[in-house]
Every structure is written in structure tokens, then in C-alpha cells.
Amino acid sequence: MALITCIECSHVVSDKAASCPNCGCPVNFSMDAAVPAAPEPKKRKPAKRRKYKKLPNGFGSIKKLSGNRSRPFAAYPPTKEFNLNGSPVTQPAIGYYEDWHKAFDALREYSTNPYDLAHKNITFSELFELYFKAKYVDNKKKKFSKASIKSTKSAYKNCTALHDKKFKDLRKYDLQTVVDNCPLKHASLELIVTLFKQMYKFAKENDVTDKDYSEFVSINIPDDDESGEPFTQDELNILWNNRDNSAVQFILIMIYSGFRIKAFETIEINQEEQYFKGGVKTKAGKNRIVPIHKAIIPYILNFNPCSFKANSFRTKIFYPVLQNLGIDKTASGKKHTPHDCRHTFSWLCDKYKIDDLSKHLLMGHSLGGDVEKSVYGHRTIEELRTEINKIKV
């Protein structure tokens, strides 16, 4: 039992009593009245759906997808195909975005420059297949050697980390990581970088991408192909004593010009002004001008760059000729290579006191951080001709 206060007269009364003995007010009524009724919960008004401006006809559409998504707004290109019953064929979305405005910007960019959505999602491997087919299968104008095809395939195999990635999503970091992580020699890394450049050229031609990230990729290890050993003076004498041999004549051309053997496939020869123009590999080495040494001028008339193949000459002519002359081994017992001709030219430049800047320009060496030489160092063709002709035969 508990005592309560009557709500009518404030008289204390037992909660068991039927009514207040003072005023007759029912006790049950006073208890019910003492406890106020809980208010009914307010009904939440449904959130108003935000309205966006109507898109122009033929512009495409934007849909907000259901569920808890980080990028719920999907942008779709304009409908181009319809079923037999007239209903539109759903096309893949251009992309998915955080808000409506970003989706609208994507559609606006697409309407300015529509691109093939299939190409947008093409992977590195899929693009390589198209590039390889276009270059080596469909191209009837030029026949490529087995070595060239093998080199391209080898370079592709060394890019395993990129095979399943969308080509359009690749950046310089992805390409550079492949080159930096490859444990192979400099020559193999050159093939990878060459493949990148050719694939990006192919991709730009076919509107897969509009930016070439391959131009920023570098090889960050020393060029081991630069190692070699020059011919001795006795070996040079043997070559000159056999200068009636056309193969020996070309070896002398390589020795007294300083070009790499690969450069002779595309080299330009100015017969009138008597200089070479060409080069490969480095920026400083490409398209450099080297006056023709007076001792090899007669042999230039017999040389045709269009029919010259470096790999064929190396294996079928260079090595056999040196072996027949008994000078196929270096002074240290190693096998002479075509690159030893370039080392011989460098040695001859030092031996006959060709000035340092002229030697760098003739050989296509980078001047590195030497600001004075790289910015203010210049030589005319005639000045270079005077220097190179210091080399005596």
C-alpha cells in the first residue's frame, strides 16, 4: 500500500481506496491522470529527392544506383542501338562518380570527344595483340626478321606485371617499375622501352590514349653494351693491308667514323659535302654529323645503307673475316665485336690529340653536367673535319 495525493483536494489517501474520503474523487482516475500520456511520435516526412537539370537530347544519361556506394552516379553514353521491339540496347557506363556533377562533366567530355568504350577498357595484353598483328601480320609492305619478332615477344614477356592492367590507366610509374625491376641486361631493357614507345604510338593512332607516358621512362643501369676493347695498331695494319676486301673496307668505315653498327642501317651519307648524319640510342648520339675521314672516302661509294643489315653482317661477315685474318681475338683473349670498332675510334682520338669537345661531338657522347661545353661548346663541320683528319693511317 502507498499513500498518494488526491488531484482534486490534495488530501492524502491510500492507493487502495476506491475514492478520496474528503472529496469523493475516484482514486483510479487520479492515478491515471497523474501519469501524463506519452506523446505520439511524429511521423518523419519523406526526404525530398533532389532535382537536377534535364540533360539535352542525345547527350546521354545519369542514373543514381541503389545501395550504399562510394560512387553511386553512373554516366551512360547516348543510346545508339535498339532491339526489334524498339527498346534501347543498354550500353556500358562511361564511368561511376561520387556526385551528379562529376558524372555530368564526364558526359560533357565524352560528347566533345567520343571514344570507343571497348578501347577504354582494353588491357595491356589486348593492345599488344592488336599492335603485334598490325605490325607483323597485316603489314605487307615490310618483312621483319625472325630476330625482330622474337625480340618483341621477349620484351612483352618481361612486362608480366602490366598484362592484365587497363592500358588507359597506366602511368609513368607503372612502366618505370617494370624496367627497374627487370634483372636482365641493358640490351633487354632497351627492348622493353622500345616496346612501350611503339605501343603508345599505336594507342594514340587508335584513340586509346592521348598521352604518351613512355617518353618519361629511363634505363637506370650502366650500358653494358659499351664495354669493349680496341684493335691494336698491329691489327689495324693487317686490316689496311687487306683493304681490297669489301668486308674489310666496311670494318675500316666503322673504325674511322665511330658509329655503332646499328646506325649504318639508317645513316645518311652526303657525298657532295662528305659527311655522315645519323646515330642511335642516345639523344646526343642521334642525328649527329661526322665528317668522312679522308682515308675511307673511296669505300663510301660501295656502301648502301638500304641493303645493310647489322645482325647479318655481324654473324655472316664480321666474325668470319676477322677469323680468316687471324685477328678475331683481342689482346686480352676476348672475342672482337663490332663495338670494338667504336672503342678503336675513341682510342685513335686520344692517340692523335683530338680535342675533348670534338671527340664528344663526333662520338655522340652526352656532355652531362658540363654546362660550359653543353651550352657554349660548338664546332662547325670544317672544324670537326680538321680534327678527325688528325688521325693518321
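Position numbers for residues count from 1 along each chain, tracking the sequence in the order it is written. In view of the model being predicted, local features appear only for residues whose pLDDT reaches at least 70, and side-chain atom pairs are presented and counted only at 80 or more, with totals across whole chains, interfaces and linings using the full set of residues. Just so you know, side-chain values use all the structure's heavy atoms and leave hydrogens and water out.

Participant: Give a detailed account of the overall build of the protein chain, specifying residues and quantitative values.
Facilitator: Within the protein chain one finds 15 helices and 8 strands. Three exposure classes are used, based on accessible area relative to the maximum for each residue type with a 1.4 Å probe and protein chains only: buried under 20%, partly exposed in between, and exposed over 50%. The buried share among the 393 residues of the protein chain stands at 37%. In what follows, residue pairs with any heavy atoms lying within 4.5 Å of each other are defined as contacts. For the protein chain, long-range pairs separated by at least 24 residues make up 56% of all intrachain contacts whose partners lie at least 6 apart in sequence. For the protein chain, the computed accessible surface area is about 24800 Å², with 51% contributed by carbon and sulfur atoms. Helical segments are the DSSP runs of H or I of at least four residues, strand segments are the runs of E of at least two, and each set is numbered from the N terminus. Per-residue and other accessible areas were derived by the Shrake-Rupley procedure at a 1.4 Å probe size, with only the shown protein chains allowed to occlude residues.

Participant: Quick rundown of the sheet that holds strand E5 (residues 95-97)? Include the residues and the values.
Facilitator: Reading across from one edge, E3-E4-E5 is the order of the 3 strands in this open sheet, with antiparallel pairing throughout. What marks the edges here is a single partner per strand, and that holds for strand E3 (61-64) and E5. Between one strand axis and the next, the sheet turns through 30 degrees on average, direction left out of account. When DSSP locates at least two bridges between a pair of strands, those strands are taken to pair. As paired elements, strand E4 (residues 73-76) and E5 share 3 bridges and run antiparallel to each other. Simply put, an axis is a line fit to the C-alpha atoms, just over the touching stretch for a helix, and the angle between two N-to-C directions goes from 0 to 180 degrees.

Participant: Any chance you could break down the packing of aromatic side chains for me, citing the residues and the numbers?
Facilitator: Within 6.5 Å between ring centres, the rings of Phe, Tyr and Trp (the latter by its six-membered ring) count as paired, and their orientation is classed by plane angle as stacked under 30 degrees, edge-to-face over 60, tilted in between. The tally for this structure, following the rule as stated, stands at 25 aromatic pairs. Judged by centre distance (5.8 Å) and plane angle (70 degrees), the rings of Phe 259 and Phe 276 are edge-to-face. Of the two residues, Phe 259 is situated in the loop between helix H9 (246-255) and strand E6 (268-270) and Phe 276 in strand E7 (residues 275-278); the sequence distance between them amounts to 17 residues. Judged by relative accessible area, Phe 259 falls into the buried class, the value being 1%. What makes Phe 276 buried here is its relative accessible area of 0%. Here the aromatic cluster, defined as three or more aromatic residues joined through ring pairs, consists of Phe 124, Phe 128, Tyr 131, Phe 132, Tyr 136, Phe 144, Tyr 156, Phe 167, Phe 196, Tyr 200 and Phe 202.

Participant: I'd like a rundown of the sheet that holds E7, residues and numbers included.
Facilitator: Judged by pairing direction, the sheet is antiparallel, and its 3 strands sit side by side in the order E6-E7-E8 without closing on themselves. Edge positions in the sheet fall to E6 and strand E8 (288-291), since each has one partner strand and no second. Going across the sheet, the axis of each strand differs from the next one's by a mean of 25 degrees, ignoring polarity. Where E6 and E7 come together, 3 bridges link them in antiparallel fashion. The partner of Glu 268 across the bridge, within E7, is Lys 277.

Participant: Describe the side chain of Thr 209, with residues and values.
Facilitator: Secondary-structure assignment places Thr 209 in the loop between helix H7 (186-205) and helix H8 (233-241). In this structure Thr 209 comes out as buried when scored by relative accessible area, which is 11%. Under this definition, polar contacts are N or O atom pairs within 3.5 Å; protein pairs additionally need one hydrogen-donor-capable and one acceptor-capable atom, and for neighbouring residues in sequence, both atoms have to be side-chain atoms. Reaching out from Thr 209, the side chain makes a polar contact with the backbone nitrogen of Lys 211 at a distance of 3.3 Å.

Participant: Run through the pattern of salt bridges, naming residues and quoting values.
Facilitator: A pair is scored as a salt bridge if a Lys or Arg side-chain nitrogen falls within 4 Å of a carboxyl oxygen belonging to Asp or Glu. Enumeration over the complete set of coordinates arrives at 10 salt bridges. For Lys 165, the salt bridge identified is with Asp 174, shortest N-O distance 3.6 Å. A relative accessible area of 36% places Lys 165 in the partly exposed class. One salt bridge connects Lys 390 with Glu 387, and the closest N-O pair in it is separated by 3.1 Å. Overall, the relative accessible area of 11% leaves Glu 387 in the buried class.

Participant: Summarise the environment of Phe 308; cite the residues concerned and give the values.
Facilitator: Within the secondary structure, Phe 308 sits in the loop between helix H10 (297-300) and helix H11 (310-325). Residues in contact with Phe 308, not counting those within four places in the same chain, are Phe 250, Ile 261, Phe 264, Glu 265, Phe 303 and Phe 313.

Participant: I'd like to hear about the packing of helix H12 (residues 339-351) against helix H13 (residues 356-363), residue by residue, with values.
Facilitator: At a minimum axis separation of 10 Å, H12 and H13 run at an interaxial angle of 165 degrees. Accordingly, the angle class assigned to the pair H12 and H13 is roughly antiparallel. Note that H12 runs across H13; the crossing there is right-handed. Taken together, the residues of H13 that come into contact with H12 (itself represented by Arg 342, Phe 345, Ser 346, Cys 349 and Asp 350) are Lys 359, Leu 362 and Met 363. What sets the label is the angle itself: under 35 degrees gives roughly parallel, over 145 gives roughly antiparallel, 65 to 115 gives roughly perpendicular, and the rest give oblique. Left-handed describes a crossing whose near helix is turned anticlockwise from the far helix through less than a right angle; right-handed describes the clockwise counterpart.

Participant: Describe the confidence of the model for the protein chain, with residues and values.
Facilitator: Here the protein chain averages 84 in pLDDT, while 87% of its residues score no lower than 70. As a per-residue measure, pLDDT tells how confident the predictor is, with possible values from 0 to 100. Taken as a whole, residues 369-377 scores under 50 in pLDDT and shows 7 contacts with residues more than four places along the chain or in a different chain.

Participant: Could you give an account of the side chain of Ser 257, with specific residues and numbers?
Facilitator: Examined against the element boundaries, Ser 257 turns out to sit in the loop between H9 and E6. Ser 257 has contacts with Phe 264, Phe 276, Val 290, Phe 345 and Leu 362, leaving out every residue within four places of it along the chain.

Participant: So, H8: which residues are in play, and what are the values?
Facilitator: Burial in H8 covers these residues: Glu 235, Leu 236, Leu 239 and Trp 240. Buried residues of H8, viewed axially, fall in a sector of 140 degrees; they line one side. More than 90 degrees from the buried face of H8, the exposed residues found are Asp 234 and Asn 241. Buried positions along H8 lie against H9, H10, H11 and H12. Directions drawn from the helix axis to the C-beta atoms are what define this arc.

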